[in-house]
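Secondary and tertiary structure notes
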Amino acid sequence: MSRQLNAVSGHGVRDHVDERREQWRRELPDVDTVGMAVFGRARWITLRARPMIEAVFLRYGLDAGEFDVLSTLLRAGQPYRLRPTELYKSLMISSGGLTDRLARLERGGLIVREPSESDARSLLVRLTEDGRRQAERAFREDMEVERALLAGLDEAERELLSLLLGKLAASLAACDTLD
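Residues numbered from 1 in each chain as written. Predicted model: local features only at pLDDT ≥ 70, side-chain atom pairs only at ≥ 80, totals over all residues. Heavy atoms only, no water.

Looking at unusual backbone geometry
Following Gln78, the chain continues to Pro79 via a peptide bond in cis, the omega torsion being 10 degrees. Along the polypeptide, Pro79 turns up in the loop between α4 (64-75) and β1 (81-82). The backbone of Tyr80 sits at a positive phi, close to 60 degrees, despite the residue not being glycine. Relative to the elements of secondary structure, Tyr80 occurs in the loop between α4 and β1. Of the residues examined, Tyr80 reaches a relative accessible area of 18% and is grouped as buried. Its identity as a non-glycine residue notwithstanding, Met92 has a phi of 55 degrees, on the positive side. Within the element layout of this structure, Met92 appears in the loop between α5 (84-91) and α6 (95-107). Note on Met92: relative accessible area 74%, which makes it exposed. (Helix = DSSP H or I, 4+ residues; strand = E, 2+ residues; numbered from the N terminus. Buried < 20%, exposed > 50% of the residue type's maximum accessible area, 1.4 Å probe, protein only.)

Observations regarding the pairing of strand β3 (residues 123-127)
Note that β1 and β3 share 2 bridges and pair antiparallel. Paired with Leu82 across the bridge in β3 is Val125. With 5 bridges joining them, strand β2 (residues 111-115) and β3 adopt antiparallel strand pairing. Bridging from a neighbouring strand, Val112 pairs with Arg126 of β3. (Pairing = 2+ DSSP bridges.)

Some words on the nonpolar core
Leu62, Val69, Leu70, Leu73, Leu87 and Ile111 are the most contacted members of the largest nonpolar core, which totals 26 residues. Of all the secondary-structure elements, those providing two or more residues to this core are α3 (34-59), α4, α5, α6, β3 and α7 (129-149). Leu70 has contacts with Leu62, Leu105, Leu110, Ile111, Leu127 and Ala135, leaving out every residue within four places of it along the chain. (Core = buried A, V, L, I, M, F, W, Y, C linked by side-chain atoms within 4.5 Å. Contact = heavy atoms within 4.5 Å.)

Set out below in structure tokens:
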């Protein structure tokens, strides 16, 4: 692993974060700036990749939030329906934010809200057949775009990066429980 990183550094692959870290090393050599390197690059990557990913959703007449709802229903498996509470918890948004998305998707014929068989007071959100097809096509195209964005890494590097980011995400989630 460290040999891989040294090989990358040895090839002169430098970016704006390296330049800033070098400046900080000169001014405050006792400060560890690796956090800035990780989060600065993560932010830059997100800002650079988001427009390309969101362009996929736009081709299907969706915004990122609407796609999130459809894809959550699709990955829930047949019969592709969830309670609104399950949806907004999974999406980490407010119930009000979900209501707006559901209204737009229902107007577009991509979801329906139907009574729950087990609780007459509750509605379930279900993908329509058009919604399922649209979500699947958009997801497949999104994954192709993301695969292309990762083309600079070989398979082992992609897996390692995914593993390390997962470890970082778990660490950050643990910090949330400390508050």
